[in-house]
Amino acid sequence: MKLDKTKLGEHFGKVGTGNQTHLGIMGTNRDIAVGEIFMVYSSRDNNERIFFFRVLGLENYLRQVENLSKVAGTLMVEGDSYLSGIERNMLLSVEGRLLGYAEQRGGKWVFNSPRRLPDHLADVYRPISGKSDPLVRDMLASQTGGEIYCGDLQVGESTLQVPVNMDAKYLPMHVGIFGATGAGKSNLMMVLIKSFIDANLKASRGNDDVTKLSAFCIDPHDEFASGVDDYGIQDIVENMDEQTRLTVFGDFYYLTTHLAATSREIRRYARELRILWSEIKPRDLYSIMDFTNQMGAFIDGQYSNSGEDWIADILGMDEPPGGTTKATFRAVKRRLRFVERSPVFAKSGSSVLADIFEAMETGKILVVNTSLMGDMEQFLLTTVVTRTLSDLRRALKSSGNLGDFEKQGEKRLPASFFSKVKKKAKSFYGVSGTTNESPVMDPKNLPVIQVTVEEAPSILNPELMRGRSVFKDISRQGRKFNIGLLVISQQVSVLDNVILSQMNTEINLRLGNEREIASCIENASVNIAGFENEFRVMSRGEAILTASYREMPIPVKIPLFDDIYRRDKGNYKSNSGNDPEEYII
Ligand SMILES: Nc1ncnc2c1ncn2[C@@H]1O[C@H](COP(=O)(O)OP(=O)(O)O)[C@@H](O)[C@H]1O
Ligand SMILES: [Mg+2]
């Protein structure tokens, strides 16, 4: 089948030198930017292939002239007449990387890593927005598909209408979002939350095969609900009709420490953040701060004596029990002080943890305003929630039927919490009814749960990850339980290797310095060696998406949340049946 080459875009030049990773192209004297993507048409041995090439460097070139400086000098002295007719000899020498190639197999485009070379003097095309988009979309389908829209394919300073998505089934293998302050991390989070909502909306409108997505989104600046600029998640919620809202969001989506300080509109969908001391396990604390062995021994001893009352009991003691030194005792009490003082963690009363569990097992999105919490409170909250969700799914995974699950749950979770959620859990996890004999579901068929970890370096650092960190288990085993971490960080270099090596998708935004650029390149799941210059010139909202399940590093322009909200808000109104992710071209 012969491809209509004009659909690739405008003819730009010809391949000169190169190997299977780098190419030198000689092109027309156009206003090219670093980062642009060209397509090279090759038909070596009659195999029609389109190679994708990314511009990494540019140089002016004057045909038949060895020394351009000499010409510039003569021009200065002789004036413009010296150059008459020289324009046609002005070319652009472009150097860059081969990203891979697309070829048709059985009528479908497949994409391959760059392990071939285009033809001698192959023709090079520059994609044109509005003309090349459909073909590029087809050729890159395997590289850009998925349920979770992130942005559009970026070519230099502009974009093509080629939506770039992540695949939901890989979320439990963890996602990293890296970028300096102001690079666009919060806006990206809102775009992703919208994509989760859109995917769930689609599922609720009758596409049963669509994976439901749950997300526990820590929001340290309280931006997501009302937005970074004009619109936020609250606008989506308000735009939905009652029925859609209940299906997609349930009766709340916003969690906060201070309900009274929340605007009236948001308060209608808010719950107060409250976790009971009894719902905290020693491991949760070990995951967020350093304890000596002696302190650990004291806490573990107390936990086996008092069970879920361990915190209340320790805080109630005036003297250390036998075998524990005063110094250890005091140090533990000091470390527990923030729990004692926190409005989030309470000795008694009602807790929201069971509601969080229910939301996460039914494909809901939660926005968690932690702006009024201390760092330690925020980390402990993330840890308790993550560990509780994973304990429940771990109990499920090691059970044959609901009777087993109940036994496993009692063993793994604080008694009063488990007794509260047992009935609901059985209804989520049973395959046929809720009797003890009912077989249980595989976590793979339950909603994917994404837990965001904000200010990741504080808890995902090598010191804490060396111990009994909850996050170490999740990063290694989250996949089994269908629970993934979404790690947001300004720095890559300080994160622990366990988490970095388990991460299979990275959205790399503009970075702060050379060290972070180097770490980012080293950590990426697709080889992006040589992209240093790219990172140096990136603007806000521009990113390079790398995923281990893909061959090509994908430059993506993340849209402003406000723009896609305006574009799609009609889809939330009623059962309009429109696909919110579909592009109207
Ligand atoms: N994709 C984008 N396109 C255009 N502007 C953006 C984009 N992302 C963020 N911005 C702008 O940059 C500013 C900072 O973005 P933000 O998401 O808060 O960055 P971060 O969370 O990384 O500090 C915001 O005011 C926003 O308007
Ligand atoms: Mg931010």
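Residues numbered from 1 in each chain as written. Chains lettered and ligands numbered in written order. Predicted model: local features only at pLDDT ≥ 70, side-chain atom pairs only at ≥ 80, totals over all residues. Heavy atoms only, no water.

### Looking at the overall build of the chain
Within the chain, the regular secondary structure consists of 21 helices and 21 strands. Each principal axis of the C-alpha atoms in the chain carries an extent, and together these give about 95 × 55 × 45 Å. Relative to its full complement of 585 residues, the chain shows a buried share of 56%. Contacts spanning at least 24 positions in sequence make up 72% of the contacts within the chain whose residues lie at least 6 apart. Just so you have it, the chain exposes about 24800 Å², and 46% of that area is on carbon and sulfur atoms. (Helix = DSSP H or I, 4+ residues; strand = E, 2+ residues; numbered from the N terminus. Buried < 20%, exposed > 50% of the residue type's maximum accessible area, 1.4 Å probe, protein only. Contact = heavy atoms within 4.5 Å. Areas by Shrake-Rupley, 256 points an atom, 1.4 Å probe, with all protein chains shown as cover.)

### Points about the pattern of salt bridges
One side chain can pair with another of opposite charge once the charged atoms of both are near each other. Overall, the coordinates contain 32 salt bridges when judged by the stated rule. With a closest N to O distance of 2.8 Å, Lys14 and Asp123 form a salt bridge. With Lys14 in strand E1 (residues 10–18) and Asp123 in strand E7 (residues 123–126), the pair connects residues that are 109 residues apart, well separated along the chain. For Lys14, a relative accessible area of 36% corresponds to the partly exposed category. With a shortest N-O distance of 2.8 Å, Glu514 and Arg536 are connected by a salt bridge. With Glu514 in helix H19 (residues 514–523) and Arg536 in helix H20 (residues 532–537), this pair connects stretches of sequence that are 22 residues apart. With a relative accessible area of 44%, Arg536 lands in the partly exposed category. (Salt bridge = Lys/Arg side-chain N within 4 Å of Asp/Glu carboxyl O.)

### Some details on helix H1 (residues 68–78)
Residue Asn67 occupies the N-cap position of H1, its side-chain oxygen lying 3.0 Å from the main-chain nitrogen of Ser69. A positive backbone phi angle near 90 degrees is found at Gly79, which sits one or two residues after H1. (Polar contact = N/O pair within 3.5 Å; in protein donor to acceptor, adjacent residues only side chain to side chain.)

### Structural notes on the site of ligand 1
Of all residues adjacent to ligand 1, which total 16 residues, the nearest are Gly182, Lys185, Ser186, Asp229 and Ile558. A distance of 2.8 Å separates an oxygen atom of ligand 1 from a polar atom in the side chain of Ser186. At 2.9 Å, a backbone N or O of Asn187 approaches an oxygen atom of ligand 1. The element best represented in the shell around ligand 1 is helix H4 (residues 185–204), accounting for 3 residues. In terms of residue class, the shell around ligand 1 is made up of 6 nonpolar, 6 polar and 4 charged. (Near = heavy atom within 4 Å. Nonpolar A, V, L, I, M, F, W, Y, C, P; charged D, E, K, R; others polar.)

### Some remarks on the domain arrangement of the chain
Here the chain is partitioned into domain 1 (5–139), domain 2 (165–273 + 352–571) and domain 3 (278–345). Centre-to-centre separation of domain 1 and domain 2, based on C-alpha positions: 41 Å. Around 960 Å² of area is buried between domain 1 and domain 2 when both sides are counted, 60% of it from carbon and sulfur atoms. At the junction of domain 1 with domain 2, the criterion picks out 1 salt bridge. Note that Arg54 is salt-bridged to Glu534, the shortest N-O span being 2.6 Å. Summed over the shared surface of domain 1 and domain 2, the result is 3 residue pairs in polar contact (both at pLDDT 80 or more). (Domains from an automatic or database assignment. Buried area = accessible area lost by both parts, 1.4 Å probe.)

### Quick notes on the pairing of strand E11 (residues 213–219)
Of all 7 residues that make up E11, 7 are buried, and the element is covered over most of its length. Burial of E11 is two-sided: the residues Leu213, Ala215, Cys217 and Asp219 facing one way and the residues Ser214, Phe216 and Ile218 facing the other way are all buried. Sheet topology places E11 next to strand E17 (residues 448–453); 4 bridges connect them, and they run parallel. Across the sheet, the residue bridging to Ala215 is Gln450, located in E17. Two elements, E11 and strand E16 (residues 365–369), share 5 bridges in a ladder whose sense is parallel. Looking at the pairing, Ala215 lines up with Ile365 of E16. (Pairing = 2+ DSSP bridges.)

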